[in-house]
Amino acid sequence: MINDKVLSIILGGGQGSRLYPLTAARSKPAVPIAGKYRLVDIPISNCINSDIKRMYVLTQFNSASLNKHISKTYHFSFFSSAFVDVLAAEQTISSDKWFQGTADAVRQSMHHFLKNDFEYALILSGDQLYQMDFNDMINKHEKSGAEISIATYPVTAKDATSFGIMKTNEENVITSFIEKPAADLLPDWTSDVGEDMEREGRKYLASMGIYIFNRDLLIELMSNPDTVDFGKEIIPQSIDKHKTVSYQYEGYWTDIGNIDSFFEANLGLTDNIPKFNLYDQKYRIYTNARILATSKISGTTLNNTVISDGCIIQASKIERSVIGIRSRIGKDTVIINTYMMGSDSYESLKEIAERRIDILSGIGERCYIKNAIIDKNCRIGDDVKINGGKHLKDTETPTYFIKDGIVVIKKDAVIPKGTIIQ
């Protein structure tokens, strides 16, 4: 059984500064996506769908909400060996430092991993959007006699300069590696790819940051404290010494590295046929099974919009937007190209009356909101206008942040009635 052979290690990432302010109070894997999920649900779900049910999630920044989400969500049979455990950076007798990089995070946590029997370590990133059958990758790893397998993704010349690029021989063995090559070097770095990829000009194999290591080799490599990162050190140094094979993946995959890619990945879910298919029964995405009421919508024109559970919506129009759990949107409001994450709880009628709340949770009446991300538990008053776009300069205030024309309303922010951001 695959579950007996494989231990999954999910890297939670560092401070997540490129996703700020979404990572101001939570770790990157805990960032909400698609209205009802968290980023960490993606690699965990891919593992479960591949019958890999022993997982560690490594993190060190703002791990409380991630820990809470995982403990609420992933429960396996009492008689099963399955688990999902969060390992935060910890001081030990052998180390008193924070994780210095991806490999160092694995090194510092090895004493936890080695308590388990496994043949292969599957190392994953916690901030990517994709659906992959790891069984196929593991089977090909075994058949090829590889010591290391790296999942690779064909990219165009334009994108290749942002990735670590591999070159392979006819047996898919990786023969060379270059980190973020200059454009003039690219002609020497093409590899054999599928016909569809060739037609699209995607002939450069980029590392996806998904690795399989044989157990004994991982132990050996982790014994060197001078190597702290897989992509920059471990992989380039191992190619000539250990058989390293490329596993070419040609499905949908995106790296949620910054606010712009996060925004586009979420809004891409509203396409008629989205590239990331949440409706695929074979590749289900699992998350916290909240028992929420159905959403109620009154007098609203909806176009290419994803609406999560428990929403109360009276907007006049919502277009190409993702509306998260427990969202409330008032009358005559227009929302375009927006990701609204929703709320962690409802306000009861009694609470509203007793507290005399001036601005309710959610979005008020007669608002116009375009090109925005609205984080959890925000309160946006009536007659607010937010018109994001490239005309806006990057800026930050106590309640909102503008990056690449996208207006991010910070978690728990209160936007007063009549505010204009344009």
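Higher on the page you've got the structure.
First things first, this report covers the structure right here in the doc. Please read all numbers here as calculations on a predicted model, not as lab measurements.

### A word on the overall build of the protein chain
Logical step 1: A tally of regular secondary structure across the protein chain gives 11 helices and 28 strands.
Logical step 2: Expected size for 422 residues packed as a compact globule is a radius of gyration near 22 Å; at 23 Å, the protein chain falls within 12% of this value.
Logical step 3: The dimensions of the protein chain, computed from C-alpha atoms along their principal axes, are 70 × 50 × 40 Å.
Logical step 4: Split into buried and exposed, the 422 residues of the protein chain put 54% on the buried side.
Logical step 5: Put simply, of all contacts in the protein chain between residues at least 6 apart along the chain, 64% involve residues at least 24 apart.
Logical step 6: Counting every atom, the protein chain has about 19,300 Å² of accessible surface; 47% of that belongs to carbon and sulfur.
Logical step 7: The protein chain carries 49 positive and 53 negative side-chain charges, and their two centres are separated by 8 Å.

### Describing the state of the cysteines
Logical step 1: Summed over the entire model, instances satisfying the criterion amount to zero disulfides.
Logical step 2: Distance from the sulfur of C311, which forms no disulfide, to the nearest cysteine sulfur (C378) is 15 Å.
Logical step 3: A residue is classified by how much of its surface remains accessible, and C311, at 1% relative accessible area, is buried.

### Some points on unusual backbone geometry
Logical step 1: Look at the link from Y20 to P21: it is a cis peptide, with omega at 10°.
Logical step 2: Looking at the element boundaries, P21 is found in the loop between β1 (6–11) and β2 (32–33).
Logical step 3: In this structure, N304 takes a positive phi of about 45° despite not being glycine.
Logical step 4: With respect to the helices, strands and loops of the structure, N304 is situated in strand β15 (residues 301–307).
Logical step 5: Backbone geometry places R326, a non-glycine residue, at a positive phi of 60°.

### Quick look at helix α10 (residues 259–267)
Logical step 1: Within α10, seven of the nine residues are buried, leaving the element largely enclosed by the surrounding structure.
Logical step 2: Every buried residue of α10 is accounted for by I259, S261, F262, F263, A265, N266 and L267.
Logical step 3: The backbone nitrogen of D260 lies 3.2 Å from a side-chain oxygen of the residue at the head of α10, namely N258.

Conventions adopted
- The numbering scheme is per chain: residues are counted from 1 as the chain's sequence reads.
- A pLDDT threshold of at least 70 governs which residues receive local features in this predicted model, and a stricter bar of 80 or more applies before side-chain atom pairs are shown or counted, although totals over entire chains, interfaces and linings include all residues.
- Computation of side-chain values: all heavy atoms of the structure, hydrogens and water removed.
- Helix numbering and strand numbering both begin at the N terminus, where a helix is a DSSP run of H or I of at least 4 residues and a strand a DSSP run of E of at least 2.
- In this setup the radius of gyration rests on C-alpha atoms only. A globule is expected at 2.2 Å times the number of residues raised to 0.38.
- For the exposure calls, accessible area comes from a 1.4 Å probe over protein chains only, and a residue counts as buried if that area is under 20% of its type's maximum, exposed if over 50%, partly exposed in between.
- For this analysis, residues touch if any pair of their heavy atoms sits within 4.5 Å.
- Per-residue and other accessible areas follow the Shrake-Rupley method at a 1.4 Å probe size, with only the shown protein chains counted as cover for residues.
- By the counting rule applied here, Lys and Arg register as positive and Asp and Glu as negative, while His and the ends of each chain are not counted.
- For this purpose, a charge sits on NZ of Lys, CZ of Arg, CG of Asp or CD of Glu.
- Throughout, disulfides are identified as pairs of cysteine sulfur atoms within 2.5 Å of each other.
- Think of a polar contact as two N or O atoms within 3.5 Å of one another; within protein, one of them needs to be a possible hydrogen donor and the other a possible acceptor, and neighboring residues in sequence only count if both atoms come from side chains.

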